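Observations on the three-dimensional arrangement
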Amino acid sequence: MMYLDLFIRFLLIGTFTIGGGLATIPHLIELGQSTGWFDERFLMTMIAISESTPGPIGINMATVVGVKIAGVFGGIIASIGVALSGVIMMLLIAPSLSKYRNNRYVARILKGLKPSMIGLILSSAFLLWRNTFLDLSVSSPLLIYGGVMVVMLSACLHFFKLKSFQIILISALCGWGLSFIL
Amino acid sequence: MVLKIFKSFFKVGLFTFGGGYAMLPVLMDEVVKKQGWFSEDEVLEGYAMAQLSMGIIAINTTTLITARKFNARLALVAALATMLPSILLLTLIGMYLSTSNINPTFEMIFLSIQIGVGVLIAYTILGLIQKSALNLYGWGLLILVMVLFLGLQWSSLLIVALSIALSALWGHKL
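Residues numbered from 1 in each chain as written. Chains lettered and ligands numbered in written order. Predicted model: local features only at pLDDT ≥ 70, side-chain atom pairs only at ≥ 80, totals over all residues.

**Description of the overall build of chain A**
- Secondary structure summary: chain A contains 8 helices and 0 strands in total.
- Out of the 182 residues in chain A, the part that is buried amounts to 50%.
- In chain A, 56% of the contacts between residues at least 6 apart in sequence involve partners at least 24 apart. (Helix = DSSP H or I, 4+ residues; strand = E, 2+ residues; numbered from the N terminus. Buried ≥ 20, exposed ≤ 12 C-beta atoms within 10 Å, placed from the backbone. Contact = placed C-beta atoms within 7 Å.)

Listed below in structure tokens is the structure:
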């Protein structure tokens, strides 16, 4: 019964995810909140792992969350669930792709979805940022460390064009160094 | 053929770092240049459509191009093969993550990784906003969604469904 519940929840998440990995995060935050299966700190670690390992981010996230909730089978079920509706849709539209591409309503929906997906992703980001800030605000050295890290990592991204797994690697190393000082 | 498809797409899944956007060059290398199954245009067209549909972009692309060129059975093989490396690897990591106890060193590392992910997300969102060049209606919709999700605690699934309905009616004004 647990597996069925998990499958249906991830099937729904996949169905309402349009535009890739980040778009699943609002749904995953909500899943954690409504079921209590995991907290936002787990989610943040999980996002970091999924971004720095090979494979589609959405599948990576579903596997980690699924394993956390229901073990090895949970990971498999969640991954298949999150991908299934997209796969079915692709099989359906494959024979007459151009017809769908030029459809008026499809074009409208795609245009309208952009701002709302950005809004949802930005909202989730606020929740995650707030969490990190609260974790940092236990002491002022930690807060200063956080501020320096944000500036340094932004510079690495913007000026040196580092990849996401490199950013995460640098962060992990800094954290490791910090654990010797504090 | 089944085995060949499986092997190629397993490789694509294994060597794609950083999600959907990073997948395209890896996919091109394997199925266009090395295997010659598709033309570059066929892959690009599939990728464009896959990005616009529900689900996981990389899996959608794989499924769509294979279904168009070959058949639905091979498309399913390709989709599973693309997912498999992720499932195997992340199951191991997930099992470790669920059993490991958090010591102070780990706590600092995880906290720092959180900061890194926060910066990455901020950068991605800025890129999205820049790329989509929103007009006044677009910003209105963006703010409405944020109020519904953060302020009124609406379900994210419901908000997406509502956005689809609104867009079908008035999407051309955005």
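Having seen it, we continue.
**Focus: the overall build of chain B**
- Within chain B, the secondary structure is distributed over 8 helices and 0 strands.
- The helix and strand sequence of chain B, counted from the amino end, reads α-α-α-α-α-α-α-α.
- With respect to the principal axes defined by its C-alpha atoms, chain B has extents near 55 × 55 × 25 Å.
- Buried residues in chain B amount to 41% of all 174 residues.
- Expressed as a percentage of contacts within chain B between residues at least 6 apart in sequence, the contacts between residues at least 24 apart total 43%.

**Observations concerning the environment of Leu92(A)**
- Here Leu92(A) shows up in helix α4 (residues 57-93).
- In the structure, Leu92(A) is positioned 20 residues away from Val72(A) in sequence and 31 Å away in space, judged by C-alpha atoms.

**What to know about the domain arrangement of chain B**
- Considered domain by domain, chain B is made up of domain 1 (2-98) and domain 2 (104-173).
- Summarising the inter-unit geometry, the C-alpha centres of domain 1 of chain B and domain 2 of chain B are found 26 Å apart. (Domains from an automatic or database assignment.)

**What about the interface of chain A and chain B?**
- With 87 residues of chain A in contact, the opposing surface of chain B contributes 86 residues.
- Secondary structure elements with two or more residues in the side of chain A that touches chain B: α1 (2-15), α2 (25-35), α3 (40-52), α4, α5 (97-101), α6 (104-136), α7 (140-158) and α8 (164-181) of chain A.
- Considering each element in turn, the side of chain A that touches chain B owes the most residues, 22 residues, to α6(A).
- Each residue belonging to the side of chain A that touches chain B can be placed in one class, and the counts come to 50 nonpolar, 28 polar and 9 charged. (Nonpolar A, V, L, I, M, F, W, Y, C, P; charged D, E, K, R; others polar.)

**Thoughts on helix α4 (residues 57-69) of chain B**
Residue and element names in this part refer to chain B.
- Over its 13 residues, α4 runs 18 Å from end to end, which matches the ideal 18 Å to within 8%, given 1.5 Å per residue.
- Counting buried positions along α4 yields 11 of 13 residues, so the element is predominantly enclosed.
- Those residues of α4 not exposed but buried are Ile57, Ala58, Ile59, Asn60, Thr61, Thr62, Thr63, Leu64, Ile65, Thr66 and Ala67. (Expected span 1.5 Å × (residues − 1).)

**Some details on the confidence of the model for chain A**
- For chain A, per-residue confidence averages 87 on the pLDDT scale, and residues scoring 70 or more make up 100% of the total.
- For chain A, the element scoring lowest by mean pLDDT is α5(A), at 75; α1(A) scores highest, at 95. (pLDDT = per-residue confidence, 0-100.)

**A look at the packing of α2(A) against α6(A)**
Residues and elements named next belong to chain A.
- Look at α2 against α6: their axes get within 8 Å of each other, and the N-to-C directions meet at 50 degrees. In terms of orientation, α2 and α6 fall into the oblique class. Here α2 contributes Ile25, Pro26 and Ile29 to the contact with α6, which in turn contributes Leu120, Ile121, Ser123, Ser124 and Leu127.
- Here the residues of the contact of α2 with α6 are counted per class, giving 6 nonpolar, 2 polar and no charged. (Axes fitted to C-alpha atoms, helices over the stretch in contact; angles between N-to-C directions. Parallel < 35°, antiparallel > 145°, perpendicular 65-115°, else oblique.)

**Description of the environment of Thr63(A)**
- Here Thr63(A) is to be found in helix α4.
- The class for Thr63(A) is buried, based on 33 C-beta atoms found within 10 Å.
- Taking the C-alpha atoms as reference points, Thr63(A) and Ser50(A), separated by 13 residues in sequence, lie 9.3 Å from one another.
- Excluding anything up to four places from it in sequence, Thr63(A) contacts Gly75(A), Ala78(A), Ser79(A), Ser86(B), Ile87(B), Leu90(B), Thr91(B) and Gly94(B).

**Description of unusual backbone geometry**
- Of note in the backbone geometry, Lys161(A) takes a positive phi value of approximately 55 degrees without being a glycine.
- In this fold, Lys161(A) is placed in the loop between α7 and α8.
- Residue Gln153(B) is not a glycine yet carries a positive backbone phi of 60 degrees.
- Topologically, Gln153(B) is positioned in the loop between α7 (136-151) and α8 (156-170).

**Some words on the packing of α6(A) against helix α6 (residues 104-132) of chain B**
- α6(B) packs onto α6(A) with a crossing angle of 155 degrees between their chain directions and a minimal axis gap of 10 Å. Looking at the two axes, α6(A) sits roughly antiparallel to α6(B). Crossing handedness for the pair α6(A) and α6(B): left-handed. Mapping the contact onto sequence places Lys114(A), Ile118(A), Ile121(A), Leu122(A), Ala125(A), Leu128(A), Trp129(A), Thr132(A) and Asp135(A) in α6(A) and Leu111(B), Gln114(B), Ile115(B), Gly118(B), Ile121(B), Ala122(B), Ile125(B), Leu128(B), Ile129(B) and Ser132(B) in α6(B). (Left-handed = near helix turned anticlockwise from the far one by under 90°.)

**A closer look at the environment of Ser167(B)**
- Locating Ser167(B) in the fold gives a position in helix α8.
- Among all residues touching Ser167(B), those that are not within four sequence positions of it are Arg108(A), Ile109(A), Lys111(A), Gly112(A) and Leu113(A).

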